[in-house]
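Structure at a glance
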Amino acid sequence: MADAYFTCRKNVLLEKSTSTQVEAIFAAARGRAVPEEQEALLQQQLEEGTENLPASESASSAGKVSDTLSSDWLEGSELLMTSLSDLSSAPEVTQCAGQQLTELHALASSELQDHTVTELKKLPAKEPVAIAGSAPWAAVVPQTDHQTAGCATIDVKGPNEDPAVLAWSLAHDAETVSTEPPAWPIPDMVQFCPLPAEVPYHEILWREWEDLSVQPCVLEQVSKNTPLFEFRVMSYNILAQDLVEQGLDLYVHCHPDILNWNYRFPNLLQEIQHWDPDVLCLQEVQENHYWEQLEPTLKEMGFACFYKRRTGTKTDGCAVCYKHSRFQLISLSPIEFFRPGLDVLNRDNVGLVLLLQPLLPEGLELKAASPLCIANTHVLFNPHRGDIKLAQMALLLAEIDKIAKTTEGSYYPVILCGDLNSVPDSPLYKFIRNGELSYHGMPAWKVSGQEDYSQQFCSRKLLAPLWPSSLGVTDSCQYVTLCQPKKPDRRKYSRDFLLQFRFCDVACERPPQLVFLEGVTDAKPERVGIVASAREHANSALTTVLNTASFSFFPWSSGVIQHGLNLTSVYSHFLPQRGRPEVTTMPMGLGITVDYIFYSAEPVKNGNRGGRRLYRDGALKLLGRLSLLSEDVLLLANGLPNPFCSSDHLCLLASFGLELSS
């Protein structure tokens, strides 16, 4: 009964209510007001709800308020039927009214059954409202073509249904017949009628699927009958519950109930179920929630899962999951960015890099697919420490370079997902996309572009080299080859053996093949004293170096870092139809983009527009993406999280096609 009531109440909330009404309904349900408070609340809602109804309907509705039920079970039944009544008043779901009436018979108690059945039988028959398009409430069924489509109608009390999933399946362009919201007069119930101007959450937050398969590069492949291995990738910062409780001041706009993990987890899970990704990259995954809930559930959905917790005392981390029916693991590389003793790498962020082999379906056994490199990370948030952000990204790119490089020196296709805590066109973003960044002298806060600290004095500046050579990473974001393989018969010389030759006369003789240059390579210089002095200084310097217990060579750095992965973003970061920038999160009510999916592409020759490198799809083709929202739209839904979106980030979703070869 509790589960059924909860689902129905959320249906009403998501379908018709604004954030203000949501809080009122939650408070009324949780507070369990005394009979006097309940009577006043019901009377107030009745007056508000009947203002927009004809006089006859207002009188009819007013006469339906009866005495408050006393027992908890009866109160739960009352609230359940109230939620179902309110749900039915929406035009989209009136065609399910007959089915809901049948379900109410089963949910009612033996004490109320006779009375309820008698009253329900008196109800006039409802005419269903015709809706163009697919069924308004659709079950989530994995789509082979990865397109959202309407499915069979389902009942309200199904164990796995949730309004988040049901709302995703609504046809956005469905046209409803203009009609007054019909009243569903259930005895002892009060109708909660929203204002006509209010817009449901799922309509405010509706996200279109953008089909990019009509691009010329994709059509060219289709014309050549080149098969593609199609798959979907989702990147999602799901907001760790520990971080919610540590920063409640960031979520003062949210009702406490929608911040509860028991509310958020089903919504997050069903959003994943609906979009049905083949590869899932998650950030801010709390460790105990991963092992106890997320991993077991995702395994039942056909995913193989890998997790890396942040180092130190942090309780969250990153996870990469893929469907084992579509990919096979070749290699796995967890990355810890923390390096003891290095100020530029003293934070606990982590990453994961996987190399996956696509599994081709039947009919394509004679084809071959290239391995695919998947990387996932969550970069440091601190806007002041751009030096750390750059060093973390360089370390991740070096790991990708090692994992994705082929024996011929090229790279397998790469997909990089994550919360990079940097805005579009920031220096860090440009470094990833353009493959190069000149950082020497740059203020550290400028790297991510999150905040403007130009008015602060003594701000930290980036100096070359950004990290020491002991890290083993070059300015090209590649691991250093420490030594070449030694031949087994090679003679080894000890330090003491070499020291005895530091004053050897043979070392100072002129080689016979040396070209004679007067005053430079003279065999018999005129000023012997100068030569002797130079020889003495050279011997002294050599002795100092050899007597050093440990030393390392710091190659000269130009203050420029680069990489050769050729990555471009799935998203354009701008909504042309709205004339506004895209948003992936809204900290403190300010919408920004910090989440990304980058993928391998081919640079266009001589393609450089305003310092921005131009790309075209190569072996990995972008076929579609889930559109993002703008800040003004999210403000209408009271920001993030809200009852519909249970994280403070929006999920990113892209569909790719990987070329197959013979």
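Our subject is the structure listed above.
To keep things clear, this report deals only with the structure shown in the data block. (Residues numbered from 1 in each chain as written. Predicted model: local features only at pLDDT ≥ 70, side-chain atom pairs only at ≥ 80, totals over all residues. Heavy atoms only, no water.)

Details of the overall build of the protein
Of regular secondary structure, the protein possesses 19 helices and 20 strands. Per-residue burial over the protein gives 48% buried out of 662 residues. Residue pairs in contact within the protein that sit at least 24 positions apart in sequence constitute 75% of those at least 6 positions apart. For the protein, the accessible area works out to roughly 33100 Å², and carbon and sulfur atoms hold 54% of it. (Helix = DSSP H or I, 4+ residues; strand = E, 2+ residues; numbered from the N terminus. Buried < 20%, exposed > 50% of the residue type's maximum accessible area, 1.4 Å probe, protein only. Contact = heavy atoms within 4.5 Å. Areas by Shrake-Rupley, 256 points an atom, 1.4 Å probe, with all protein chains shown as cover.)

Thoughts on the packing of aromatic side chains
Per the counting criterion, the structure on display carries 13 aromatic pairs. Between the aromatic rings of W291 and Y307, the centroid separation amounts to 6.2 Å while the plane-to-plane angle is 80°, which identifies the pairing as edge-to-face. Of this pair, W291 sits in helix α14 (residues 287-300) while Y307 sits in strand β4 (residues 303-309); the two residues are 16 residues apart in sequence, bridging distant segments of the chain. Residue W291 is classed as partly exposed on the basis of its relative accessible area of 46%. The interplanar angle of 15° and the centroid separation of 6.1 Å between the aromatic rings of F306 and Y322 together place this pair among those described as stacked. With F306 in strand β4 and Y322 in strand β5 (residues 316-323), this pair connects stretches of sequence that are 16 residues apart. By relative accessible area, which is 21% here, F306 ends up partly exposed. (Phe/Tyr/Trp six-rings, centres within 6.5 Å; stacked < 30°, edge-to-face > 60°.)

Details of the sheet that holds strand β16 (residues 595-600)
Spatially, the six strands line up as an open sheet ordered β6-β7-β9-β10-β16-β13, and their pairing is mixed. Each end of this open sheet is capped by a strand with a single partner; those strands are β6 (327-336) and β13 (567-569). Shown here is a sheet whose adjacent strand axes are inclined to one another by a mean of 20°, direction ignored. Bridge count for β6 against strand β7 (residues 350-358) is nine bridges, and the pairing is antiparallel. Bridge assignment links P334 to a residue of β7, and that residue is L352. Docked against the sheet, helix α15 (residues 386-404) engages β6, β7, β9 (372-378), β10 (414-419) and β13, running at close to 150° with respect to β6. In the packing of helix α16 (residues 427-434) onto the sheet, contacts are made with β10, β13 and β16, and the angle to β13 comes to roughly 125°. (Pairing = 2+ DSSP bridges. Axes fitted to C-alpha atoms, helices over the stretch in contact; angles between N-to-C directions.)

Brief notes about the pairing of β4
Buried residues dominate β4, accounting for five of its seven residues. Here seven bridges tie β4 to β5, and the two strands are oriented antiparallel to one another. Within β5, the position partnered with F303 by the bridge is K323. The antiparallel hairpin formed by β4 and β5 contains six residues in its connecting segment, where G312 sits at a positive phi of about 70°.

Considering unusual backbone geometry
Note that the residue after A464, namely P465, is joined by a cis bond; omega there is -5°. With a phi close to 65°, L239 is a non-glycine residue in the positive phi region. With respect to the helices, strands and loops of the structure, L239 is situated in the loop between β2 (228-237) and α11 (241-246).

A closer look at the side chain of T311
By the element assignment, T311 lies in the loop between β4 and β5. Judged by its relative accessible area of 12%, T311 is buried. For T311, the side chain forms a polar contact with the side chain of D348, separated by 2.9 Å. (Polar contact = N/O pair within 3.5 Å; in protein donor to acceptor, adjacent residues only side chain to side chain.)

Things to note about the environment of A240
For A240, the location among the structural elements is in the loop between β2 and α11. A residue is classified by how much of its surface remains accessible, and A240, at 1% relative accessible area, is buried. C-alpha of A240 to C-alpha of W261: the two residues are 21 residues apart in sequence and 8.9 Å apart in space. Look past the residues within four positions of A240 in its chain and what remains in contact with it is R264, E284, Q286 and D316.

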